[in-house]
Amino acid sequence: MKPWMRGIQPLAALLLAAGAAHAAGPGPAYVSVPAGTLTSALANAADTEPWRMRAFAMRETPVTQGEFLRFVIDHPEWQRGRIALTFSDAGYLRDWRSPSELSSAQAARQPVTNVSWFAAQAFCEAEGGRLPTWAEWEYAA
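Keep in mind the model is a prediction, meaning the values are calculated, not measured.

(A) How the structure looks around the overall build of the chain. Each helix and strand counted, the chain has three helices and five strands in total. For the chain, the residues scored as buried account for 38% of the 141 residues in total. Pairs at least 24 apart in sequence give 70% of the contacts found in the chain among residues at least 6 apart. Accessible area for the chain stands at about 8,400 Å²; split by element, carbon and sulfur atoms hold 56% of it.

Written as structure tokens, this is what we have:
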């Protein structure tokens, strides 16, 4: 394991928000991923050259349902029933009791699921980040 990977959750548990840098302080922890090269396992015959990857930071832990609940309360346009149909589908936050209530108290600590790419990106922007690119996900893995 590379030293910079210590403390990173399994890739499947990493959810949302990559950015160039995040200020220290209250809030979620970010792990710095150093610059390097990526030879993609998914590259096709026209795309076999290694990619230069810039350094970036990736959130260390998943976004929880509790964190996402605070987001939709602060940004009601992203609540189930209010979100534009263009930005969601019928499964959007389907496991929540209501648009502003989780299914249980324990759910607040569980990773958020059933969100759209658009809602995930809006959450990241509200946190001062962005979603990682496909190449960043693969590189971090």
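(B) Structural detail: the confidence of the model for the chain. Averaged over every residue, the pLDDT of the chain is 83; the share at 70 or more is 79%. Taken element by element, the chain is modelled with least confidence in strand β1 (residues 18-19), mean pLDDT 46, and with most confidence in helix α1 (residues 65-74), mean pLDDT 97.

(C) Structural view of the pattern of salt bridges. Within this structure, the stated rule accounts for four salt bridges. Among the salt bridges present, the one from Arg 59 reaches Glu 67, with a minimum N-O distance of 2.5 Å. Taking relative accessible area as the criterion, Arg 59 reaches 1% and is therefore assigned buried. Glu 67 gets classed as buried once you look at its relative accessible area, which sits at 19%. For the salt bridge of Glu 101 with Arg 97, the shortest nitrogen-to-oxygen distance reads 3.2 Å. Exposure remark for Arg 97: the relative accessible area of 52% places this residue in the exposed category. The structure contains a network of salt bridges with shared partners spanning Arg 59, Glu 67 and Glu 127.

(D) Spotlight on the nonpolar core. Grouped together as the largest cluster of nonpolar side chains are 16 residues, with contacts concentrated most on Phe 68, Phe 71, Val 72, Trp 78, Tyr 92 and Trp 96. Looking at this core, the element that brings in the most residues is α1, giving four residues. Counting eight residues, the second-largest nonpolar core is a separate cluster that includes Val 33, Met 53, Met 58 and Ala 135.

(E) Representation of helix α2 (residues 117-126). Residues of α2 that are buried include every one of Ala 119, Ala 120, Gln 121, Ala 122, Phe 123 and Cys 124, and no others. Buried residues along α2 sit against β5 (56-59) and α1. The positive-phi residue at the C-terminal boundary of α2 is Gly 128, with phi of around 90°.

(F) Looking closely at the packing of α1 against α2. At a minimum axis distance of 11 Å, the contact between α1 and α2 shows a crossing angle of 85°. One element, α1, and the other, α2, form an angle in the roughly perpendicular class. Contacts between α1 and α2 involve Glu 67, Phe 68 and Phe 71 from the former and Ala 119, Ala 122, Phe 123 and Ala 126 from the latter. Split by residue class, the contact of α1 with α2 holds six nonpolar, no polar and one charged.

(G) Summary view of the environment of Gly 91. Within the secondary structure, Gly 91 sits in the loop between α1 and α2. In the structure, Gly 91 is positioned 11 residues away from Arg 80 in sequence and 9.5 Å away in space, judged by C-alpha atoms.

(H) Quick peek at the packing of aromatic side chains. Taken as a whole, this structure holds eight aromatic pairs when the rule is applied. Considering the side-chain rings of Phe 71 and Phe 123, the 5.5 Å spacing of their centres and the 70° angle between planes classify their relative orientation as edge-to-face. Linking Phe 71 in helix α1 with Phe 123 in helix α2, this pair joins segments that are 52 residues apart in sequence. Between the aromatic rings of Trp 78 and Phe 87, the centroid separation amounts to 6.0 Å while the plane-to-plane angle is 40°, which identifies the pairing as tilted. Note on Phe 87: relative accessible area 32%, which makes it partly exposed. Among the aromatic side chains, those forming a connected cluster through ring pairs are Phe 68, Phe 71, Trp 96 and Phe 123.

What counts, and where the lines are drawn
- Residues numbered from 1 in each chain as written.
- Predicted model: local features only at pLDDT ≥ 70, side-chain atom pairs only at ≥ 80, totals over all residues.
- Heavy atoms only, no water.
- Helix = DSSP H or I, 4+ residues; strand = E, 2+ residues; numbered from the N terminus.
- Buried < 20%, exposed > 50% of the residue type's maximum accessible area, 1.4 Å probe, protein only.
- Contact = heavy atoms within 4.5 Å.
- Areas by Shrake-Rupley, 256 points an atom, 1.4 Å probe, with all protein chains shown as cover.
- pLDDT = per-residue confidence, 0-100.
- Salt bridge = Lys/Arg side-chain N within 4 Å of Asp/Glu carboxyl O.
- Core = buried A, V, L, I, M, F, W, Y, C linked by side-chain atoms within 4.5 Å.
- Axes fitted to C-alpha atoms, helices over the stretch in contact; angles between N-to-C directions.
- Parallel < 35°, antiparallel > 145°, perpendicular 65-115°, else oblique.
- Nonpolar A, V, L, I, M, F, W, Y, C, P; charged D, E, K, R; others polar.
- Phe/Tyr/Trp six-rings, centres within 6.5 Å; stacked < 30°, edge-to-face > 60°.

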